[in-house]
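# Results of the structural survey
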Amino acid sequence: MDFGRLLTAMVTPFDGDLKIDWEQTGRLIDYLIEEQGSTGLVIAGTTGESPTLSDEEKLELFAFAVRRANGRAKIIAGTGSNDTAHSIHLSREAEKLGVDGIMLVSPYYSRTSQEGLLAHFRAAADAVRLPVMIYNIPSRTGVNIEAKTMLALAQTPNIVAVKESSGDLDQMSAILAGAPEGFKLYSGDDSLTLPVLAIGGYGIVSVTSHLVGRRMREMIDAYVSGQPERAAKLHVQLTPMFKGMFFCPHRVPNPVPVKYAMKSKGIDCGGVRLPLVGVTPEEAAFIDALTASCE
């Protein structure tokens, strides 16, 4: 399974009552595919506010996204949690709905051992026939999936990719050096898209592709087609957006900035559910200026 090189970790639009806004969700899916060039959408991941979505909401989102995308982009369902049995249940239900793959985040809060990570991911992957992307984000989960562990997991036939958000290029290089043929490593950090491609990575699972996806596709395509100087120029141009969506002008948790910024694209994705809170006036002014500068 090839998910493509530009995957968007999609926000979940909410209405004024903080319930899923299905009209805006449909508009957003069309926009990300047709206007921003996303080859795949990760539904109900961190950016989709997975911690505050119920299982019922997640399954509704998966089914809706499959129908709306209608083969135009791959739909990857965020089904991971810190409970192996729960991850298996949600993954099996997502498979029934026709998603193209699942993304399993490393179990958070429990801070299990590397042996525990192996057992968790293998159990979840073995429970479905779908291709699986592992998600390593130690800053949120409290545990890093080490390169040795990831390489062991890559031997599982349907574990086909990893979203690496450790920020550790040495660790990513070690994974790429030992990974089986066909296994793909995606950057989980927008600002590392080009550096990860340069060491042999395949693509990006992005947040800022909500806003500058077409230019990110252009950067990726330039590098892949043998135009590294063009890719580097685009990387430099895009870096303020890559950084600004997470530091505006100080660190603001994802997806708060990008949900606000989507108003500039004519898609109202609504607010965020507690414990997240919306942008301050200072943050809003910063984001407004940033998005205007990238038009």
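Here's what I pulled together on the structure shown here. This is a predicted model, so every value here is computed, not measured. (Residues numbered from 1 in each chain as written. Predicted model: local features only at pLDDT ≥ 70, side-chain atom pairs only at ≥ 80, totals over all residues. Heavy atoms only, no water.)

### Re the environment of V256
Going by this rule: Under the DSSP-based scheme used, a helix requires at least four consecutive residues in state H or I and a strand at least two consecutive residues in state E, with every element numbered from the N terminus. Exposed residues in this analysis have more than 50% of their type's maximum accessible area, buried residues have under 20%, and partly exposed residues fall in between, with area computed by a 1.4 Å probe over protein chains only. Residue contacts are defined here by distance: any two heavy atoms, one from each residue, within 4.5 Å place the two residues in contact.
Mapped onto the fold, V256 is located in helix α11 (residues 256-261). Taking the relative accessible area as the measure of exposure, V256 reaches 4% and is therefore buried. Counting along the chain gives 141 residues from V256 to E115, while the straight-line C-alpha distance between them is 34 Å. V256 has contacts with V272, L276, V277, G278 and V279, leaving out every residue within four places of it along the chain.

### Examining the pairing of strand β3 (residues 74-78)
The side chains of a regular strand alternate between the sheet's two faces. Selection criterion: Two strands qualify as a pair provided that DSSP identifies no fewer than 2 bridges between them. We call a crossover right-handed when, viewed with both strands directed away from the observer, the connection leading from the first strand over the helix to the second proceeds clockwise.
Counting buried positions over the 5 residues of β3 gives 4, a clear majority of the element. Across 4 bridges, the pairing between strand β2 (residues 40-43) and β3 is parallel. The residue of β3 that forms the bridge with I43 is A77. Of the crossover connections in this fold, the one passing from β2 over helix α2 (residues 55-69) to the parallel β3 is right-handed. Across 3 bridges, β3 lies against strand β4 (residues 101-105) in parallel orientation. Looking at β4, one finds that I76 is bridged to G101. What joins β3 to β4 is helix α3 (residues 84-96), and the crossover it makes is right-handed.

### Looking at the pattern of salt bridges
What counts is decided by this rule: Salt bridges are identified by distance alone: a Lys or Arg side-chain nitrogen within 4 Å of an Asp or Glu carboxyl oxygen.
Across all of its chains, the model carries 8 salt bridges by this definition. The salt bridge involving E34 is made with R72; its shortest N-O contact spans 3.0 Å. Highlighted residues: E34 in helix α1 (residues 22-35) and R72 in the loop between α2 and β3, separated in sequence by 38 residues. Given the relative accessible area of 33%, R72 is considered partly exposed. Through salt bridges with shared partners, one network takes in D30, E34, R68 and R72.

### With respect to the packing of aromatic side chains
Let me state the cut-off plainly: Stacked, tilted and edge-to-face are the three classes applied to pairs of Phe, Tyr and Trp rings, where Trp contributes its six-membered ring and a pair requires centres within 6.5 Å; stacked means planes under 30 degrees apart, edge-to-face means over 60, and tilted covers the rest.
Within this structure, the stated rule accounts for 2 aromatic pairs. Consider the rings of W22 and F64, whose centres lie 5.0 Å apart with planes at 50°: the pair is tilted. Placement of W22 in helix α1 and of F64 in helix α2 is noted, with a sequence separation of 42 residues between them. Taking the relative accessible area as the measure of exposure, W22 reaches 28% and is therefore partly exposed. Ring geometry for Y186 and Y202: centres 5.9 Å apart, planes at 75°, overall edge-to-face. Of this pair, Y186 sits in strand β7 (residues 184-187) while Y202 sits in the loop between α8 (193-198) and β8 (203-206), and the two are 16 residues apart along the sequence.

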